[in-house]
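# Reading the structure
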Amino acid sequence: MKLAHKALLLNFIGFAAVFLAVRFTLDYFFTVNRFFLAFIAAVAATLTSPKFAVIKTGKGEILSMKWLFSHRS
């Protein structure tokens, strides 16, 4: 599997996991229209899901991840 395909698949899995978690959590606590729940969950997932990308270096290609909650010192 190419790294670009793996990055795309990981982006989808990360987005779907965060989207479903936020969607069902909001549905449990609030009684809001389904469209608004899906919209809020999509925005939250877009902002908080990890982003994967392929970076070309001198040694070859590497898979990189950027996430809102990861911190490098």
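Along each chain, the written sequence defines residue order, and numbers are assigned to residues from 1. Residue-level local features of this predicted model are given only where pLDDT is at least 70; pairs of side-chain atoms are given and counted only at 80 or more, and the full residue set underlies all totals for whole chains, interfaces and linings. With hydrogens and water stripped out, all remaining heavy atoms of the structure feed into the side-chain values.

The two faces of the sheet receive side chains in turn, since in a regular strand these alternate between them. If DSSP finds at least two bridges between two strands, the strands pair. What counts as a helix is a DSSP run of H or I of at least four residues, what counts as a strand is a run of E of at least two, and both are numbered from the N terminus. Alignment of strand 1 (residues 51–57) against strand 2 (residues 60–66), held across seven bridges, turns out to be antiparallel. Across the sheet, residue K56 finds its bridge partner in strand 2, namely E61. Remark: two residues form the turn of the hairpin made by strand 1 and strand 2, two consecutive strands paired antiparallel.

Once that is clear, we can look at the pattern of salt bridges. The working definition used for a salt bridge is a side-chain nitrogen of Lys or Arg within 4 Å of a carboxyl oxygen of Asp or Glu. With the rule as written, the count across this model stands at one salt bridge. The partner of R23 in a salt bridge is D27, and the shortest N-O contact between them spans 3.9 Å. A residue pair is termed a helical-turn pair when its members lie 3 or 4 positions apart in one helix, as R23 and D27 do in helix 1 (residues 3–29) at four residues. The classification of residues rests on relative accessible area computed with a 1.4 Å probe and restricted to protein chains. Under 20% of the type maximum is buried, over 50% is exposed, and intermediate values are partly exposed. Take R23: its relative accessible area is 15%, and that puts it in the buried class.

A separate point is the packing of aromatic side chains. Pairing of aromatic side chains here covers Phe, Tyr and the six-membered ring of Trp, requires ring centres within 6.5 Å, and sorts the geometry by plane angle: under 30 degrees stacked, over 60 edge-to-face, intermediate tilted. Within the structure shown, the criterion is met by four aromatic pairs. With 6.0 Å between their ring centres and 15 degrees between their planes, F15 and F19 make a pair best called stacked. Note that F15 and F19 are positioned in helix 1 at a spacing of four residues, about one turn of the helix. Each ring, one from W67 and one from F69, has its centre 5.4 Å from the other, and the planes form 90 degrees; the classification is edge-to-face. Take F69: its relative accessible area is 56%, and that puts it in the exposed class.

Only residues whose relative accessible area exceeds 30% and that take part in no salt bridge are eligible for patches, with like-charged residues grouped when within 9 Å of each other and nonpolar side chains (Val, Leu, Ile, Met, Phe, Trp, Tyr) grouped when within 5 Å. Surface accessibility follows the Shrake-Rupley procedure with a 1.4 Å probe radius. Residue values consider only the protein chains on display as shielding. A surface patch of nonpolar side chains, amounting to about 1100 Å² of accessible area, comprises Y28, F29, F30, V32, F35, F36, F39, I40, V43 and L47. Those elements giving two or more residues to the nonpolar patch turn out to be helix 1 and helix 2 (34–48). Sort the elements by how many residues they give to the nonpolar patch and helix 2 lands first, with six residues. Looking at the element boundaries, F30 is found in the loop between helix 1 and helix 2.

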